[in-house]
Amino acid sequence: MTATNGKRKIRYAVVGLGWFAQQAALPSFAHTENSELVALVSDDPTKREELSKKYGIKQTYSYEEYENCLTSGEVDAVYIALPNHLHREYTVRAANQAIHVLCEKPMAMTEEECEEMIKAANDNGVKLMIAYRLHLEEANLQAVEIVRSQQIGEPRIFNSVFTQQVEEGNIRLRNVTGGGTLEDIGIYCINAARYLFQDEPIEVFAVAANKGEQRFSEVEEMTSVILRFPNERLATFTCSFGAANVGTYQIVGTKGDLRVEPAYVWKGEIKHYLTIDGKTQERTFDDRDQLAAEFTYFSNCILEDKDPEPSGIEGLIDVSIIQALYESIKIGKPVQIQTRNRHQRPTVTQSIKRPPLKETPDLIHAAAPSSES
């Protein structure tokens, strides 16, 4: 850890320098007071050279040199923004060197991989957090509070649409790297239903559709899902890589409903449309730097020795639901599911406000998943 003006800073290596890491993560360190970007890990020498110059970083490593990064004594934590199939390996290796881990979602490819990651963190006494940035974002946390306080009555229905046009050749369309609609965007809908209902599904059903475009030769074009929750509550959503850019959810109670739009974005304004007794109130939540909030929160957990709320268990539950959904698609029937008990849930106390990024950095040897991202 470094100390600036008497305050300790957690030193991070960012592992994987794709679109999201470059546009959202790297510039956000400037909006934190307790986090410092000190190293980059990538197999692309151009990325390492240009991005290290841009952000004033002295240490860069290839993937073969990852162990050197972990044992350098220069790094306290890693932010893993690699393709999904590499999350387990790079998390376990970091934990085994007593390095804290903030890992992007989905946590891993299977429940077994998630369990390995949790065990490695526990065995080595390090913090493991899964990067559910919306657990720190005010609009979504206020939605949780509106439902919890029963302003819309008893919550009965959750419905969501999350779609985008993903360009052919994008990694999200490759099966071997863990691509797919449920893993990449459906997970947001699953997680939102869980934090709004404050519960876990007990039965799931899904169907996939694919009209045969070449870009969807390895993964489904779109998926529709029904999740049954205790007390006979239902959550439904459709996610797609072949439709216009839409991201919204609505939760309907016995007295009213709340619609959040755009619900899952990492930048820009988010709006609430709260309708009670036929009267609608609109509220706008300003743009914030969501990644700066994420790094700030995780660094605080390390510095104060607190367990992160979006923990490995949170990540494991979503992965177990995704696996059950693919099983449902395969057999064409609902699948009963029993997940881990979740004692922690995101609350408004976790909201962290950081000023928005002023500009979107140019990409180096990386491409956004869609032209609208």
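Residues numbered from 1 in each chain as written. Predicted model: local features only at pLDDT ≥ 70, side-chain atom pairs only at ≥ 80, totals over all residues. Heavy atoms only, no water.

Caption draft 1: How the structure looks around the overall build of the chain. Counting secondary structure elements, the chain contains 9 helices and 16 strands. At 20 Å, the chain has a C-alpha radius of gyration in line with the 21 Å of a compact globule built from 373 residues. Here the C-alpha coordinates of the chain stretch approximately 55 × 45 × 40 Å along the principal axes. Here the chain holds 373 residues, and the buried ones make up 55% of them. The long-range share in the chain, meaning contacts at least 24 apart out of those at least 6 apart in sequence, stands at 71%. (Helix = DSSP H or I, 4+ residues; strand = E, 2+ residues; numbered from the N terminus. Rg over C-alpha atoms; globule rule 2.2 N^0.38 Å. Buried < 20%, exposed > 50% of the residue type's maximum accessible area, 1.4 Å probe, protein only. Contact = heavy atoms within 4.5 Å.)

Caption draft 2: Expanded view of helix α7 (residues 181-197). Across its 17 residues, α7 extends 22 Å between first and last C-alpha, which sits within 8% of the 24 Å expected from 1.5 Å per residue. Its maximal kink placed at Ile187, α7 deviates by approximately 45°. The element α7 is largely enclosed, with a buried count of 16 among its 17 residues. (Expected span 1.5 Å × (residues − 1). Bend = angle between axes of the 7 residues up to and from the residue.)

Caption draft 3: Structural view of the state of the cysteines. Per the counting criterion, the structure on display carries 0 disulfides. Between Cys114, a cysteine without a disulfide, and Cys103, which holds the nearest cysteine sulfur, the sulfur-to-sulfur distance is 8.8 Å. Here Cys114 falls in the buried class, since its relative accessible area comes to 0%. (Disulfide = S-S within 2.5 Å.)

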